[in-house]
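Analysis of the macromolecular model
Residue-level listing of the chains:
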Amino acid sequence: MRPHAVHAVIAVKSLDQAKSRLADRLRPEHRARLVLAMLADTLTAAAAVPEIASVVVVTPDPVVADLARSMGAAVHPEPRPAGLDGLNSALADAAAGLRHRHGPVDLLALQADLPALRAEELADVLTLAPRGLRSIVVDHAGTGTAALLVRDPVADLEPRFGPGSAGKHIAAGAVDLTGDWPGLRLDVDTAEDLDLAIELGAGNATSVALHDIGWPDRVHQPVRRVC
């Protein structure tokens, strides 16, 4: 095991629930395609970070699971019942599964919809995060959490994702990491977020999907990005 290696966990819900805030702009099958594409770009960036030893995707969706496996990620079935706080229960359960398989390891909970994420951004975060503590990267909106990092091989993940998650994580003792990481901070929920991702440079899978979908204005030809 590499010293201070990090094991990442990403939660993805069923595709039929995908990106409801884009329902007025995209048909259900297009939203599902976009979710898969953004996950692919997120996994591609994470896999390019040497310090990330493995990635686990926790999901109830077989299509998401197939994509994750095809890209070298492990799959953890969503716990049933997931409880009142499904996302955090799923992340905590997958994190416990990681520790069961790999022993005491550092953990990273990462959003699945980071199409403009760069591997060097994640690598920088892992370098800057203080050991022995939890850290977060606040999202571009300033209230959510793009990433939660536990640089302690025995401390629980204790995810608090959801509305106002940044404040909840910080109130629980997490360090707010500061850095110029626009791709990492840009989790996509709205049409405006998608346009921002295009401006930053969306990954190849997302660019192809948006091109095929016919997303307006600024997607013309997908360009392969080198992380």
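Along every chain, residues carry numbers that run from 1 in the direction the sequence is written. Predicted model: local features are reported for residues with pLDDT of at least 70 only, side-chain atom pairs are reported and counted for 80 or more only, and whole-chain, interface and lining totals are derived from all residues. As a rule here, side-chain values cover all heavy atoms of the structure and leave hydrogens and water aside.

Among buried residues, the Ala, Val, Leu, Ile, Met, Phe, Trp, Tyr and Cys ones that are joined through side-chain atoms within 4.5 Å form a nonpolar core. Buried, partly exposed and exposed residues are distinguished by accessible area as a fraction of the type maximum, computed with a 1.4 Å probe on protein chains only: under 20%, between the cut-offs, and over 50%, respectively. Ile10, Ile52, Leu108, Leu110, Leu122 and Leu184 are the most contacted members of the largest nonpolar core, which totals 35 residues. Counting residues per element, the ones that place at least two in this core are strand S1 (6-11), helix H1 (28-47), strand S2 (52-59), helix H2 (62-70), strand S4 (106-110), helix H4 (119-128) and strand S6 (145-150). Examining the composition of this core, we find that six residues originate from one element, H1, more than from any other. Contact partners of Leu184, with chain neighbours within four places excluded, come to Leu110, Leu114, Leu117, Glu121, Leu122, Val125, Val137, Ala146 and Ala147. Residues Val9, Leu107, Ala155 and Leu157 belong to the second largest nonpolar core, which totals 21 residues. A run of DSSP states H or I qualifies as a helix once it reaches four residues; a run of E qualifies as a strand once it reaches two. Both are numbered from the N-terminal end. In what follows, residue pairs with any heavy atoms lying within 4.5 Å of each other are defined as contacts.

What follows concerns the environment of Val125. Take Val125: it is sitting in helix H4. The residues contacting Val125, other than those within four sequence positions of it, are Val137, Leu149, Leu177, Trp181 and Leu184.

pLDDT gives the predictor's per-residue confidence on a scale running from 0 to 100. Summarising the model, the protein shows a mean pLDDT of 91, and 91% of its residues fall at 70 or more. Low confidence marks residues 218-227, where pLDDT is under 50. Its contacts with residues over four positions away, or in another chain, come to 27 contacts.

To continue, consider the sheet that holds S1. The pairing criterion for strands is at least two bridges between them, as found by DSSP. Ordered in space as S3-S2-S1-S4-S6-S5-S7, the seven strands form an open sheet in which the pairing is mixed. With partners counted over all chains shown, the strands left at the sheet margins are strand S3 (74-77) and strand S7 (175-176), one partner each. By the bridge criterion, five bridges tie strand S5 (residues 134-138) to S6 in an arrangement that is antiparallel. From the neighbouring strand, Val138 faces S6, where its bridge partner is Thr145.

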